[in-house]
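Architecture and fold: a report
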Amino acid sequence: MQIDPHTPALSGPGEPFEICEQVVNGRTMRVFARAVGSLSSLYATMPGRGDMDFIVDGDRRITYAQFHALTGAAAAGLAAEFGVTHGQRVAIAMHNTPEWMVAFTASSALGAIPALINSRGSGDEMRYCIEDVGASLVIADARRADALVQARYEGKILVLDEATLDAMARDYASSPLPESKMETDDPSCILFTSGTTGRPKAAIITNRAMLTGIMMTQHAGARFAARMAEKLGVDMATLMAARQRTAAFLVMPLFHIGGCQAVFLTVMANGGKIVFHRRWNPAEAVRLIEKEQITQFTGPPMTLWDLLAEPSRHEHDLSSLGSIACGGQSFTPSLLAAMQEAFPGRVFGGGYGMTETAGSISLAMGELYTSRPECSGVAHDVVEVRVIDEDGAVLALGEVGEICIRGPMIMSGYWGRPEETAAAVDAQGWLKTGDIGSIDETGYVAIVDRKTNMVISKGENIYCAEVERAIAGHPDIADVAAFGVPDARIGERLVVAVTPHPGREVTEETVRQQVRSKLADYKMPAEVFLRHEPIHRNATGKVDRQVLRQELGLI
């Protein structure tokens with residue numbers, strides 16, 4: 001059955017997701033008419049939600065009204081004690097905590113630009129990012145503050161923990177949360193690229209880009225609800241009135257666009273609840289899903305496999321869980337099949353995005369996703385997508401090349417790097433993603449691999465992601481990573497590292513037979529490494545191939 005991914009639209013004049021044409025940075029493009037102003041328009045919705053729970057962190061429960069009051073006090077403290085003001089960069093280097101969210105909201109409301117530092121990095125790595133954007137203040141937890149001191153960082157550091165925040169709440173009680181003077185196309189925050197092939201770059205995300213990303217997710221959800229209402233024979237208002245309030249399980253790091261925008265800010269926009277989970281534990285996860293009536297779970301594949309294998313899963317009522325998505329990478333065929341069997345009737349979703357696009361470029365949920373799981377969702381109506389060859393010529397629909405995108409969610413540039421910005425975004429506003437893939441006539445986007453993850457062996461191009469997908473389809477294989485190793489004779493040789501599921505036996509021949517059954521002979525790995533340790537990934541869920549090469553002694 002062919003499913004039309006673009007109906008119903010809900011985006012006509014006067015509708016909630018009205019789309020119109022506007023000039024953005026000198027270029028005419030499709031935009032959400034209501035994605036204007038700053039994030040302060042989002043913060044202004046909090047008082048009206050009063051005593052509804054916003055954050056659950058262990059025994060701490062913070063309502064919308066309490067969070068709004070805390071951020072008002074924190075903003076007053078940051079301005080009075082540290083001189084935080086419009087346009088300054090305020091670095092946030094913290095583990096996932098309610099204080100992280102307070103730091104982001106308070107500094108943003110003051111018109112400062114939060115710079116979201118990878119808290120999993122070393123002291124030197126964090127220091128590099130902080131100094132790269134010229135932050136006037138670092139808000140950190142005790143562990144990151146100590147790491148920065150050890151790395152000889154000499155700037156101002158505020159250690160913001162629960163006790164410090166409580167003191168601010170007393171000292172600056174009843175201070176209103178300011179309204180940012182930032183304009184629509186001014187910066188809302190700075191996020192850092194993963195840096196797996198070099199130093200991280202600081203991507204400047206505008207208010208328009210962030211608000212657009214939030215509205216894209218909401219629009220996709222509204223379209224899904226409209227299709228469900230039509231299928232059930234009820235009107236949208238009836239369906240929406242019967243749905244559960246959003247309760248999202250926070251697994252993704254807040255310094256990542258998935259944690260900050262897709263969970264934190266989108267849940268705030270929807271009036272939902274965020275449940276923290278500091279350290280991954282599948283037994284505790286299923287307990288919290290039942291206790292807090294979690295409706296949304298997004299996590300890397302490892303967490304989903306762990307949920308499937310958790311013995312206590314059957315002792316808990318997980319019926320509240322309505323939607324499940326992979327974060328950082330897509331579902332493998334075996335994982336999607338296993339999840340559908342274990343959680344029948346749930347809505348599964350996926351998408352494609354990057355730091356430089358403030359989140360999703362394409363996304364799909366329900367039948368739109370499960371009917372084409374090999375794809376990475378459907379390009380959104382405000383996103384233009386084209387595919388180019390090595391010479392920059394635009395390719396026809398269905399042809400494979402580098403994906404380029406244009407739209408209001410694209411970064412305004414890399415902080416302090418005009419040459420690298422110009423290399424990434426051309427004069428017409430097209431961003432070269434560095435991803436190889438195709439788009440079809442219905443808007444489905446299929447990603448083959450990163451341009452930098454292409455192995456050239458004996459003159460043939462081999463995309464690592466294609467090989468990984470083929471191997472991951474074997475039911476006994478839990479994880480796989482493919483990469484190239486220089487070879488004087490053939491250019492590069494393809495190497496794969498494979499981790500089986502616990503208790504399953506996988507041999508090198510198992511892997512080779514799986515490739516043989518799915519791909520051409522020239523895509524057969526030259527070497528297969530079987531291992532029982534998890535394959536190392538960075539904070540965004542991507543395989544760190546450099547670390548893997550070191551672990552396997554291939555450097």
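What counts and how
- Think of each chain on its own: its residues are numbered from 1, step by step along the sequence as written.
- Totals for whole chains, interfaces and linings use every residue, but because this is a predicted model, local features are given only for residues with pLDDT of at least 70 and side-chain atom pairs only at 80 or more, for both listing and counting.
- Hydrogen atoms and water are omitted, and side-chain values are computed over all heavy atoms in the structure.
- For the purposes of this entry, the term helix denotes a DSSP run of H or I that reaches at least four residues, the term strand denotes a run of E that reaches at least two, and both are numbered from the N terminus.
- What the globule rule says is 2.2 Å times the number of residues to the power 0.38, and the radius of gyration is computed from C-alpha atoms.
- With a 1.4 Å probe rolled over the protein chains alone, any residue whose accessible area is under 20% of its type maximum counts as buried; one over 50% counts as exposed, and the rest are partly exposed.
- Contacts are residue-level and defined by heavy atoms, with any inter-residue pair within 4.5 Å sufficient.
- Per-residue and other accessible areas were derived by the Shrake-Rupley procedure at a 1.4 Å probe size, with only the shown protein chains allowed to occlude residues.
- Only four residue types enter the tally: Lys and Arg on the positive side, Asp and Glu on the negative side, with His and both chain ends excluded.
- The atom standing in for a charge is NZ when the residue is Lys, CZ when it is Arg, CG when it is Asp and CD when it is Glu.
- Cavity: a set of points on a 1 Å grid over the protein atoms alone where a 1.4 Å probe fits but cannot get out. Pocket: an open set with protein on both sides within 12 Å along at least five of seven lines, its lining residues, like those of a cavity, having an atom within 4 Å of a point.
- Grid points are joined across faces, edges and corners, and a volume is the space filled by probe spheres set on the points.
- In this classification, the charged set is Asp, Glu, Lys and Arg, the nonpolar set is Ala, Val, Leu, Ile, Met, Phe, Trp, Tyr, Cys and Pro, and all remaining amino acids, among them Gly, are polar.
- Between the N-to-C directions of two axes lies an angle of 0 to 180 degrees, each axis being a line fitted to C-alpha atoms and, for a helix, fitted only over the stretch in contact.
- Oblique is the label for any angle not covered by the other classes, which are roughly parallel (under 35 degrees), roughly antiparallel (over 145) and roughly perpendicular (65 to 115).
- Crossing handedness is defined as follows: a turn of the near helix away from the far one that is anticlockwise and smaller than a right angle gives a left-handed crossing, while the clockwise case is right-handed.
- We call a set of buried Ala, Val, Leu, Ile, Met, Phe, Trp, Tyr and Cys residues a nonpolar core when their side-chain atoms join them within 4.5 Å.
- The salt bridge criterion pairs a side-chain nitrogen of Lys or Arg with a carboxyl oxygen of Asp or Glu, the two atoms within 4 Å.
- Between any two strands, at least two bridges found by DSSP are needed for them to pair.
- For Phe, Tyr and Trp, where Trp contributes only its six-membered ring, two rings pair if their centres lie within 6.5 Å, and the inter-plane angle classes them as stacked under 30 degrees, edge-to-face over 60, or tilted in between.
- Either the NZ atom of lysine or the CZ atom of arginine qualifies as a charge over a ring when it sits within 6 Å of the ring centre and within 35 degrees of the ring normal.
- The handedness of a crossover follows from its direction of travel: if, with the strands pointing away from the viewer, the path from the first strand over the helix to the second runs clockwise, the crossover is right-handed.

**Topic: the overall build of the protein**
Looking only at helices and strands, the protein features 17 helices and 27 strands. Here the C-alpha atoms of the protein give a radius of gyration of 23 Å, agreeing with the 24 Å that 2.2 N^0.38 yields for 555 residues. Counting the 555 residues in the protein, one finds 55% classified as buried. Of all intrachain contacts in the protein linking residues separated by at least 6 positions in sequence, the fraction that spans at least 24 positions is 65%. Here the protein has roughly 23500 Å² of accessible surface; of this, 50% comes from carbon and sulfur atoms. Computing the positive centroid from 51 side-chain charges and the negative centroid from 67, the protein places the two 1 Å apart.

**Considerations on empty space enclosed by the protein**
Taken as a whole and judged by the stated rule, the model has 2 cavities of 30 Å³ or more. By volume, the second largest cavity is sized at about 40 Å³. Grouping the constituent residues of the lining of the second largest cavity by class yields 4 nonpolar, 5 polar and no charged.

**Some thoughts on the packing of helix 7 (residues 207-232) against helix 9 (residues 257-270)**
In contact at an axis separation of 10 Å, helix 7 and helix 9 are set at 70° when each is read in the N-to-C sense. When the axis of helix 7 is compared with that of helix 9, the two are roughly perpendicular. Crossing handedness for the pair helix 7 and helix 9: right-handed. Residues Met210, Gly213, Ile214, Thr217 and Gln218 of helix 7 lie in contact with helix 9, whose contacting residues are Ile257, Cys260, Gln261, Leu265, Thr266, Ala269 and Asn270. In terms of residue class, the contact of helix 7 with helix 9 is built from 6 nonpolar, 6 polar and no charged.

**Considering unusual backbone geometry**
Although it is not a glycine, serine 174 adopts a positive phi angle of roughly 70°. Positionally, serine 174 belongs in the loop between helix 6 (162-171) and strand 9 (187-192). For serine 174, a relative accessible area of 77% corresponds to the exposed category. In this structure, alanine 358 is a non-glycine residue whose phi angle is positive, near 50°. One can find alanine 358 in the loop between strand 15 (347-354) and strand 16 (359-365). Residue alanine 358 is classed as buried on the basis of its relative accessible area, which comes to 0%.

**Thoughts on the nonpolar core**
Counting 85 residues, the largest nonpolar core has Tyr43, Trp100, Met101, Phe104, Phe264 and Leu265 as the members making the most contacts within it. Apart from the residues lying within four places of it in its own chain, the contact partners of tyrosine 43 are His68, Phe104, Thr105, Ser108, Ala109, Leu177, Leu265 and Met268. One finds Phe297, Trp305, Leu368 and Val378 within the second-largest nonpolar core, a separate group that totals 32 residues.

**Focus: the pattern of salt bridges**
Following the criterion strictly, the structure yields 24 salt bridges and no others. A salt bridge links aspartate 53 to arginine 61; its shortest N-O distance comes to 3.1 Å. Arginine 61 sits in the partly exposed class, given a relative accessible area of 37%. Across the salt bridge formed by arginine 531 and glutamate 551, the nearest N and O atoms sit 3.1 Å from each other. Linking arginine 531 in the loop between strand 27 (527-530) and helix 17 (545-551) with glutamate 551 in helix 17, this pair joins segments that are 20 residues apart in sequence. Three or more residues are tied together by salt bridges with common partners; here these are Asp53, Arg61, Lys273, Lys291 and Glu292.

**A closer look at the pairing of strand 13 (residues 296-299)**
The side chains of a regular strand alternate between the sheet's two faces. A one-sided burial pattern is seen for strand 13, the buried positions being Phe297 and Gly299 and the unburied ones Gln296 and Thr298. Here strand 11 (residues 247-250) pairs with strand 13 via 2 bridges, running parallel. Among the inter-strand pairings, alanine 248 is bridged to a residue of strand 13, identified as glutamine 296. Sheet analysis places strand 13 next to strand 14 (residues 323-326), joined by 4 bridges and oriented parallel.

**Overview of the sheet that holds strand 22 (residues 445-450)**
Sheet strands line up and pair through hydrogen bonds in the backbone, either parallel or antiparallel. Read from one edge to the other, the open sheet built from 4 strands follows the order 18-19-21-22, with strand pairing classed as antiparallel. Looking at which strands have only one partner, the edges of the open sheet turn out to be strand 18 (384-388) and strand 22. Averaged over neighbouring strand pairs, the angle between their axes works out to 50° when direction is ignored. Across 4 bridges, the pairing between strand 19 (residues 401-406) and strand 21 (residues 431-439) is antiparallel. Paired with isoleucine 405 across the strands is leucine 431, a residue of strand 21.

**Some words on the packing of aromatic side chains**
A complete count under the given rule lists 11 aromatic pairs for this structure. Judged by centre distance (5.1 Å) and plane angle (75°), the rings of phenylalanine 54 and phenylalanine 67 are edge-to-face. Remark: phenylalanine 67 occurs in helix 2 (residues 64-82) and phenylalanine 54 occurs in strand 3 (residues 53-57); sequence separation between them is 13 residues. Comparing phenylalanine 54 with phenylalanine 67, the two get one shared label, buried. A centroid spacing of 5.5 Å and a plane angle of 20° characterise the contact between phenylalanine 249 and phenylalanine 297, whose relative ring orientation is stacked. Of the two residues, phenylalanine 249 sits in strand 11 while phenylalanine 297 sits in strand 13, which places them 48 residues apart along the sequence. Phenylalanine 297 carries the same exposure label as phenylalanine 249, and that label is buried. Grouped by ring-pair contacts, the aromatic residues Phe54, Tyr64, Phe67, Trp100, Phe104 and Phe264 constitute a single cluster. In this structure, lysine 201 packs its charged tip against the face of tyrosine 414, placed 5.2 Å from the ring centre. Here arginine 386 stacks its cationic end above the ring of tryptophan 430, 4.1 Å away from the centre of that ring.

**Re the pairing of strand 26 (residues 491-500)**
Burial runs high along strand 26: 7 of the 10 residues are buried. Bridging between strand 25 (residues 477-487) and strand 26 involves 10 bridges; their strand directions are antiparallel. When the bridges of strand 26 are listed, isoleucine 477 appears paired with proline 500. In the sheet, strand 26 pairs with strand 27 via 4 bridges, with the strands oriented parallel. By the bridge assignment, valine 495 is partnered in strand 27 with glutamate 527. With respect to chirality, the unit in which strand 26 leads through helix 16 (residues 508-518) into the neighbouring parallel strand 27 is right-handed.

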